Amino acid sequence: MSSVRLKQRIMCSSMLSLPYNTGLSLIKQAMLSISSATPGPKSKPMCLMAMSAYGYEIVQTLIVDIEPDEHVKRAMNEINAAARLRMAAAEKAEAEKILQIKRAEGEAESKYLSGLGIARQRQAIVDETIQH
């Protein structure tokens, strides 16, 4: 497990798998010198030199696992939570808007029908007056 500093100035831990070819059997000494080096693009030549001094040739570096620092994880979770809250607030506002529109449409329909009823009553009164 090694700590790595990313371009965004974020520290994270990474698990590396280093396939290698060996000429000597000084694995413990090589691993101790490697563990003090910080993995990353700039440290690759340093890592190669440290391993070659013990007879190892690094063939390929495979990053197995990346674990961001705890405060980075917390910050990312807070950003995601804030985004979800913003989306929920927007959805709630949209639902309120729809409810207000439907309420207004219902009220308008009610007033229209009420006016239609009053007009029919007046027409009936006029018709009754003309017949008598």
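Focus on the overall build of the protein
For the protein, the helix and strand inventory stands at three helices and five strands. Walking the protein from its N terminus toward its C terminus, one meets helices and strands in the order β-β-β-α-α-β-β-α. Going through the 132 residues of the protein one by one, you find that 11% of them count as buried. Sequence separation of at least 24 residues holds for 66% of the intrachain contacts in the protein that already meet a minimum separation of 6. By element, 59% of the accessible surface of the protein is carried by carbon and sulfur atoms, the whole surface being about 10,900 Å².

Quick notes on the pattern of salt bridges
Scanning the entire structure with this criterion turns up two salt bridges. A salt bridge links glutamate 105 to lysine 102, with the nearest nitrogen and oxygen atoms 3.7 Å apart. You can see glutamate 105 and its partner lysine 102 sitting in helix α3 (residues 70–131), three residues apart, about one turn around the helix. One salt bridge in this structure joins lysine 111 and glutamate 107, with 3.5 Å as the shortest N-O distance. Linking lysine 111 with glutamate 107, this pair stays in helix α3, spanning four residues, or about one helical turn. Judged by relative accessible area, which is 57%, lysine 111 ranks as exposed. Residue classification places glutamate 107 among the partly exposed residues on the basis of a relative accessible area of 46%.

Structural notes on the confidence of the model for the protein
Mean pLDDT over the protein stands at 76; residues scoring 70 or higher make up 54%. Looking at the elements of the protein, mean pLDDT is at its lowest for helix α1 (residues 27–35), recorded as 54, and at its highest for α3, recorded as 93.

Reading guide: rules and limits
- Residues numbered from 1 in each chain as written.
- Predicted model: local features only at pLDDT ≥ 70, side-chain atom pairs only at ≥ 80, totals over all residues.
- Heavy atoms only, no water.
- Helix = DSSP H or I, 4+ residues; strand = E, 2+ residues; numbered from the N terminus.
- Buried < 20%, exposed > 50% of the residue type's maximum accessible area, 1.4 Å probe, protein only.
- Contact = heavy atoms within 4.5 Å.
- Areas by Shrake-Rupley, 256 points an atom, 1.4 Å probe, with all protein chains shown as cover.
- Salt bridge = Lys/Arg side-chain N within 4 Å of Asp/Glu carboxyl O.
- pLDDT = per-residue confidence, 0-100.

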